[in-house]
Amino acid sequence: MINMKKITIAFVCLFLIGCFTGCDPYERTPVEKSIFVNHQSLTMLVGDQMQLKASPSKVTYSWKSEDPAVATVNASGLVEAIGEGATNIAVRHNDIEVKVPVAVSQRIRLEKIEFNESVVDLAIGSKLSLNPLPVPHNANDFNRFYWSSDNENVAVVDVMGQVKAIAPGVATITVKGGELSGTLKVRVFRGFNVALKKPVRVSSLYAPQFVGENAVDGILNTSDSSNRWLCKPTTSNGPQWIEVDLEGEYEIYSLEFWIQEGWPSIDFKFQKKENDEWVDIFTETGNSKSAYSRTFEATTAKKVRIYFTLGSKDGIVRMYEMRVHAKMFE
């Protein structure tokens, strides 16, 4: 028993000696002293105040401005912008000093916010980025623009001023900068074909079955050669036309039609009737598309027509379908 006890004690001693000799000696590393300030730099306008705070907080600091004509600082670190320019605010404790750069600009007050337009129209699902115009353009006494919509069932607006049209109706979009605001109305519409199944007159018929009504029956099947309007061929390839009575006044904004592939109608005018005269909405020259589409500046019309001044190479207009889109706000 005595021998076992001696062996145990000797083992413990050897273990402890190994632990102490195997460890690195403890070394003290000096901690670098410094001052930490809550802002690395300041950008201010004349008249602004900003609070600087230094830490550790249980220490007494001295504050000084290198140019009081630009910015001053009080004993607690409160900085006030005095005049345009640049300077440094120095904070000191014993032999440690930290400098905070300060840039001061002249305050240019925002007088109003404008838009290029007071009303914009958007089709359902479309988006538009609004661009407010600050007056004066270099006003700097506000941080950013804030946006809102008074009717998000009609139109919503994000933080960047992009509007999305949701449903037919009218919404007022407000942009706010500082204490001032500007507004713009957004009218959301759905487009619908006001030429659908309306009364039609045409310049001529190639054959009795190729009537103008075929071009507004709402059936678009370019493989059905019987369901279209065909005019008579002309030796001079002269004017041919198709006229649609919309049976009411509408705000129209777009035209579509489909012609037989390979036989495009090259030159034409889209017109509306006004005071018993045909007035051009737009003119197209050099068209090579069999499926034609164009959006134009919205205009009110009761009767419209496509007036072909140069048709296909044999002078025949082969129209499968024609659509005139109008805006509906409800």
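Residues numbered from 1 in each chain as written. Predicted model: local features only at pLDDT ≥ 70, side-chain atom pairs only at ≥ 80, totals over all residues. Heavy atoms only, no water.

S.K.: Honestly, the overall build of the protein chain in this entry has me stumped. Any pointers?
M.R.: A count of helical and extended segments in the protein chain gives one helix and 25 strands. Look at the contacts in the protein chain between residues 6 or more apart in sequence, and 65% of them connect residues 24 or more apart. Looking at the protein chain as shown, the accessible area adds up to about 19,700 Å², and 51% of this sits on carbon and sulfur atoms. (Helix = DSSP H or I, 4+ residues; strand = E, 2+ residues; numbered from the N terminus. Contact = heavy atoms within 4.5 Å. Areas by Shrake-Rupley, 256 points an atom, 1.4 Å probe, with all protein chains shown as cover.)

S.K.: Honestly, the pattern of salt bridges in this entry has me stumped. Any pointers?
M.R.: Pairing of side chains with opposite charge becomes possible as their charged atoms draw close. Counted under the stated rule, the structure contains 11 salt bridges. A salt bridge links Arg187 to Glu251; the nearest nitrogen and oxygen atoms lie 3.6 Å apart. Pair noted here: Arg187 is in strand 18 (residues 180-193) and Glu251 is in strand 21 (residues 240-259), with a separation of 64 residues, a long-range link. Exposure remark for Glu251: the relative accessible area of 23% places this residue in the partly exposed category. Two residues, Asp280 and Lys269, come together in a salt bridge whose shortest N-O distance is 3.8 Å. Of this pair, Asp280 sits in strand 23 (residues 277-284) while Lys269 sits in strand 22 (residues 267-274); the two residues are 11 residues apart in sequence, bridging distant segments of the chain. Its relative accessible area of 38% is what places Asp280 among the partly exposed residues. (Salt bridge = Lys/Arg side-chain N within 4 Å of Asp/Glu carboxyl O. Buried < 20%, exposed > 50% of the residue type's maximum accessible area, 1.4 Å probe, protein only.)

S.K.: What is the right way to read the sheet that holds strand 9 (residues 96-105) from this model?
M.R.: Sheet strands pair by backbone hydrogen bonding; their relative direction is either parallel or antiparallel. Strand order in the open sheet formed by four strands is 2-9-8-5, with mixed pairing between adjacent strands. Strands at the two margins of the open sheet, each flanked by one partner only, are strand 2 (42-45) and strand 5 (62-65). Averaged over neighbouring strand pairs, the angle between their axes works out to 25° when direction is ignored. (Pairing = 2+ DSSP bridges. Axes fitted to C-alpha atoms, helices over the stretch in contact; angles between N-to-C directions.)

S.K.: I'm lost on the sheet that holds strand 3 (residues 49-51) in this one. Help?
M.R.: Read across the open sheet, the three strands follow the order 3-7-6; overall the sheet is antiparallel. One side of each edge strand has no neighbouring strand; the edge strands of this open sheet are strand 3 and strand 6 (71-73). The sheet shows a mean angle of 20° between the axes of neighbouring strands, direction not considered. In terms of strand pairing, strand 6 meets strand 7 (residues 78-81) through three bridges, oriented antiparallel. Following the sheet pairing, Ala71 is matched in strand 7 by Ala81.

S.K.: Mind showing me how you'd approach the environment of Lys112 here?
M.R.: In this fold, Lys112 is placed in strand 10 (residues 112-114). Lys112 sits 24 residues away from Pro136 along the chain, and the two C-alpha atoms are 7.8 Å apart. When neighbours within four sequence positions are excluded, Lys112 is seen to be in contact with Leu133, Pro134, Val135 and Leu180. A distance of 3.0 Å separates the side chain of Lys112 from the side chain of Glu114, its partner in a polar contact. (Polar contact = N/O pair within 3.5 Å; in protein donor to acceptor, adjacent residues only side chain to side chain.)

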